[in-house]
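Examining the three-dimensional arrangement
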Amino acid sequence: SLSLALKQAGYVKHVTGCGRSEDSLQKGLQLGILDDYSLSIADAVGDADVVVLAVPLGVMRSVMQQMAPALATHSVVTDVGSAKGSVVKDARATLGEHNKNFVAGHPIAGTERSGVEAGFATLYQGRKIILTPEDDTDPRAIDIVTRMWLATGAEVERMSVEHHDHVLAATSHLPHMLAFSLVSHLSKMSDQD
């Protein structure tokens, strides 16, 4: 969805994909989401202006370790993970000099569908994107990531990593609490109610 939105806005010239499934990457080419792809993380990021990490939090550190030596000095790195504390910790531990160009991000958008076929260009329009840069993050990197998300039609907000994780932890439990309360209430109703 991010690639499609940025292409539709005329914001990107070339999108290189990287992933484990070559079938998905080839489908991304066919759908016009990608311009090319690589199965090698280092090859995929080698001359990138912006790298967007869209991987499970459990493999974030490994992916960062693999890409760090291949990043160009100007490359800006961001992510779309839901928890920022662990991602920022992984970036600090792995990116070395590139950590100053890392801008942690969290789009508050999505659908129940997944996979390359589920992408659509309007996903981020009017949606919140939370950026959690650190005090030593290069302002140029923050500006690039902010402008990237604005190009998708999103609304960008900034907050600290700690505040983000606290707010998201509190709100992520709300649907479960509502469902539990509803089930509890309904189970106490008699058939005549």
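In what follows, the accompanying structure is described. Since we're looking at a predicted model, the values are computed, not measured.

**Let's talk about the overall build of the protein**
Assigned secondary structure in the protein consists of eight helices and eight strands. Taken across its 193 residues, the protein has 36% of its residues classed as buried. Of the contacts made within the protein by residues no fewer than 6 positions apart, 68% connect residues no fewer than 24 positions apart. Accessible area for the protein stands at about 11000 Å²; split by element, carbon and sulfur atoms hold 53% of it.

**Let's talk about the pairing of strand E8 (residues 155–158)**
Where strand E7 (residues 128–131) meets E8, four bridges bridge the pair, whose relative direction is parallel. Its bridge partner being in E8, Lys128 is matched across the sheet by Glu155. Chirality of the crossover, the property in question, places the unit of E7, helix H6 (residues 139–151) and E8 among those that are right-handed.

**Re the sheet that holds strand E6 (residues 105–108)**
One open sheet holds the three strands; their spatial order is E6-E7-E8, and the pairing between them is mixed. Lying at the two open borders of the sheet, with one neighbouring strand each, are E6 and E8. The mean angle between the axes of side-by-side strands here comes to 20 degrees, regardless of whether they run parallel or antiparallel.

**Here's the deal with the environment of Glu117**
Tracing the sequence through the fold places Glu117 in the loop between E6 and E7. Between the C-alpha atom of Glu117 and that of Leu31, which follows or precedes it by 86 residues, the distance is 8.0 Å. With residues near it in sequence (within four places) discarded, Glu117 still touches Lys27 and Leu31.

**Here's the deal with the side chain of Thr137**
The residue Thr137 is located in the loop between E7 and H6 in this model. Filtering out sequence-adjacent residues up to four positions away, Thr137 remains in contact with Lys100, Phe102, Val103 and Ile142.

**Quick look at the nonpolar core**
With 18 residues, the main nonpolar core has Val51, Leu53, Met64, Met67, Leu95 and Phe102 as its most contacted residues. Those elements that provide at least two residues to this core are helix H3 (41–45), strand E3 (50–53), helix H4 (60–67) and helix H5 (84–94). Considering every element that reaches this core, the biggest residue donor is H4, with four residues. If near-sequence neighbours (up to four positions away) are discounted, Phe102 is found in contact with Met64, Val77, Thr78, Asp79, Val87, Val88, Ala91, Leu95 and Thr137. In this structure, Leu2, Val76, Ile129 and Ile142 belong to the second largest nonpolar core, which totals 15 residues.

**What to know about the packing of aromatic side chains**
Overall, the coordinates contain one aromatic pair when judged by the stated rule. On the numbers, 5.0 Å between centres and 75 degrees between planes, the contact of Tyr124 with Trp149 is edge-to-face. Of this pair, Tyr124 sits in the loop between E6 and E7 while Trp149 sits in helix H6, and the two are 25 residues apart along the sequence. Taking relative accessible area as the criterion, Trp149 reaches 1% and is therefore assigned buried.

**What about the environment of Ser160?**
The topology assignment puts Ser160 in the loop between E8 and helix H7 (161–172). Along the sequence, Ser160 and Glu134 sit 26 residues apart, while their C-alpha atoms lie 7.5 Å from each other.

Cut-offs and rules
- Residues numbered from 1 in each chain as written.
- Predicted model: local features only at pLDDT ≥ 70, side-chain atom pairs only at ≥ 80, totals over all residues.
- Heavy atoms only, no water.
- Helix = DSSP H or I, 4+ residues; strand = E, 2+ residues; numbered from the N terminus.
- Buried < 20%, exposed > 50% of the residue type's maximum accessible area, 1.4 Å probe, protein only.
- Contact = heavy atoms within 4.5 Å.
- Areas by Shrake-Rupley, 256 points an atom, 1.4 Å probe, with all protein chains shown as cover.
- Pairing = 2+ DSSP bridges.
- Right-handed = clockwise from strand over helix to strand, strands pointing away.
- Axes fitted to C-alpha atoms, helices over the stretch in contact; angles between N-to-C directions.
- Core = buried A, V, L, I, M, F, W, Y, C linked by side-chain atoms within 4.5 Å.
- Phe/Tyr/Trp six-rings, centres within 6.5 Å; stacked < 30°, edge-to-face > 60°.

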